[in-house]
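What the coordinates show
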Amino acid sequence: MTSTPSEFAKALQAKRRKRRRGLWVILGSGFLVLLLAGIATWLVWFSSAFAATEVRISGLSLLTEQQVTDAAAVKLGAPLAAQDVEAIRNRVAALAPVAEARVERRFPHTIEITITERTLAYVWMDEGVARWVDADGVVFHEGGEAGQGTVKASIAAPEQRILKDVATVVSAVAPVLGERITLLQASAVDRIEIQLSDGDTIVWGSAEQSQVKAQVLSVLLSQEASVYDVSAPHAPTTR
């Protein structure tokens with residue numbers, strides 16, 4: 001069927017109006033999306049609707065919540081999304097007893113801090129003060145009860161290396177000697193000795209080959225002696 005010129009013109013105009021309406025719908029939808037995104041951004045990043053009002057802390061044993069709160073220095077009242085969680089984490093991680101810290105935002109209003117504290121390897125007796133040392137030789141606490149079976153050490157020159165070396169020795173020898181250890185003495189990095197509750201002495205030497213020395217010692221203890229020397233583990237002696 002053939003359309004007249006007027007009918008064709010009307011159809012063309014209708015098509016153009018439909019196209020314009022579609023364009024306006026697209027533009028309007030885009031504007032609405034941008035408006036909503038802008039409102040959401042303002043609410044989350046700049047308004048007090050999602051402000052940090054609470055600091056939740058877990059994993060504490062040695063530290064108090066107040067100590068962690070003070071170190072974290074969370075800006076309460078500021079938008080949660082704008083909180084610098086990495087900076088908060090670094091400040092908390094700087095506390096001596098902290099081995100690891102995790103900081104997360106929990107919308108709508110909470111900063112959550114999860115602490116993993118350092119694990120005690122031994123207690124360094126420093127002029128009557130009990131200083132707690134971990135496996136890396138880090139002194140992270142002083143005073144308080146360390147628990148039954150904790151090894152005590154006397155260290156002449158408490159440098160980082162020797163503090164860590166003593167931890168290495170304790171880790172190796174404690175499973176063999178248990179609570180028989182009265183005191184571990186370290187006068188130098190290669191002069192480590194262990195005093196036992198029955199008066200016997202273990203000459204350990206340096207922290208090198210500590211696992212091998214522990215294995216040798218477990219066999220050597222079957223002999224009657226007052227001194228067990230495993231400083232040279234491939235040629236141990238007793239006397």
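Preceding this paragraph is the structure being described.
As a starting point, this report considers the structure included with it. (Residues numbered from 1 in each chain as written. Predicted model: local features only at pLDDT ≥ 70, side-chain atom pairs only at ≥ 80, totals over all residues. Heavy atoms only, no water.)

Attention shifts here to the sheet that holds strand β2 (residues 98–106). Across the sheet, three strands lie side by side as β1-β3-β2; this open sheet has mixed pairing. At either margin of the open sheet sits one strand with a lone partner, and together these are β1 (54–58) and β2. Across the sheet, the mean angle separating the axes of adjacent strands is 20° when strand polarity is ignored. Of the strand pairs in this sheet, β1 and strand β3 (residues 110–117) are connected by five bridges, and their pairing is parallel. (Pairing = 2+ DSSP bridges. Helix = DSSP H or I, 4+ residues; strand = E, 2+ residues; numbered from the N terminus. Axes fitted to C-alpha atoms, helices over the stretch in contact; angles between N-to-C directions.)

Turning our attention to the sheet that holds strand β12 (residues 237–238). One open sheet holds the nine strands; their spatial order is β6-β5-β4-β7-β8-β9-β10-β11-β12, and the pairing between them is mixed. On the outer flanks of this sheet lie β6 (139–142) and β12, each paired with one strand and no other. Two strands pair when backbone bridges link them, and strand β7 (residues 152–155) and strand β8 (residues 181–188) are joined in this way by three bridges, in the parallel orientation. By the bridge assignment, I155 is partnered in β8 with A186. Contacting β4 (122–126), β5 (129–133), β6, β7, β8, β9 (191–196) and β10 (201–205), helix α4 (residues 160–177) crosses the sheet at an angle of about 150° to β8. Lying over the sheet, helix α5 (residues 210–220) contacts β10, β11 (227–229) and β12, oriented at roughly 155° with respect to β10. (Contact = heavy atoms within 4.5 Å.)

Next up on the list: unusual backbone geometry. Here the residue pair F107 and P108 is connected by a cis peptide bond, since its omega of 15° sits within 30 degrees of zero. Positive phi values are uncommon outside glycine, yet Q209 reaches one of about 55°. With respect to the helices and strands, Q209 occurs in the loop between β10 and α5.

Take the packing of aromatic side chains next. Tallied over the full model, the rule gives two aromatic pairs. Geometrically, the ring pair formed by F50 and F107 is edge-to-face, given 6.1 Å between the ring centres and 75° between the ring planes. With F50 in the loop between α1 (5–45) and β1 and F107 in the loop between β2 and β3, this pair connects stretches of sequence that are 57 residues apart. Taking relative accessible area as the criterion, F107 reaches 47% and is therefore assigned partly exposed. Summarising the aromatic geometry, the rings of W132 and F140 are spaced 6.2 Å apart at their centres and angled 85° between planes, so their arrangement reads as edge-to-face. Among the residues examined, W132 registers a relative accessible area of 9% and is labelled buried. Given a relative accessible area of 4%, F140 falls into the buried group. Of note, R131 hangs over the ring of W124, and the distance from its end group to the ring centre comes to 5.9 Å. (Phe/Tyr/Trp six-rings, centres within 6.5 Å; stacked < 30°, edge-to-face > 60°. Buried < 20%, exposed > 50% of the residue type's maximum accessible area, 1.4 Å probe, protein only. Lys NZ or Arg CZ within 6 Å of the ring centre and 35° of its normal.)

In this structure, Y122, I155, V166, L184, I194, I202 and W204 are the most contacted members of the largest nonpolar core, which totals 31 residues. Elements supplying a minimum of two residues to this core: β4, β7, α4, β8, β9, β10 and α5. Per-element accounting of this core gives the leading share, nine residues, to α4. Each residue touching L184, except ones within four places of it in the same chain, is listed here: V151, K152, A153, S154, V166, V169, V170, I192, E193 and I194. In this structure, A72, V74, V98 and A101 belong to the second largest nonpolar core, which totals 16 residues. (Core = buried A, V, L, I, M, F, W, Y, C linked by side-chain atoms within 4.5 Å.)

The next thing to look at is the pairing of β2. One ladder, built from eight bridges, connects β2 with β3; its direction is antiparallel. Each bridged residue has a counterpart across the sheet, and for R106 the counterpart in β3 is T110. The antiparallel pairing of β2 with β3 creates a hairpin that spans three residues between the two strands.

Tracing the chain through its elements places E112 in strand β3. E112 sits in the buried class, given a relative accessible area of 16%. Polar side-chain contacts of E112 include one of 3.4 Å to the side chain of R106. In this structure E112 touches R56, R102, V103, E104 and R106, once residues within four positions along its chain are discounted. (Polar contact = N/O pair within 3.5 Å; in protein donor to acceptor, adjacent residues only side chain to side chain.)

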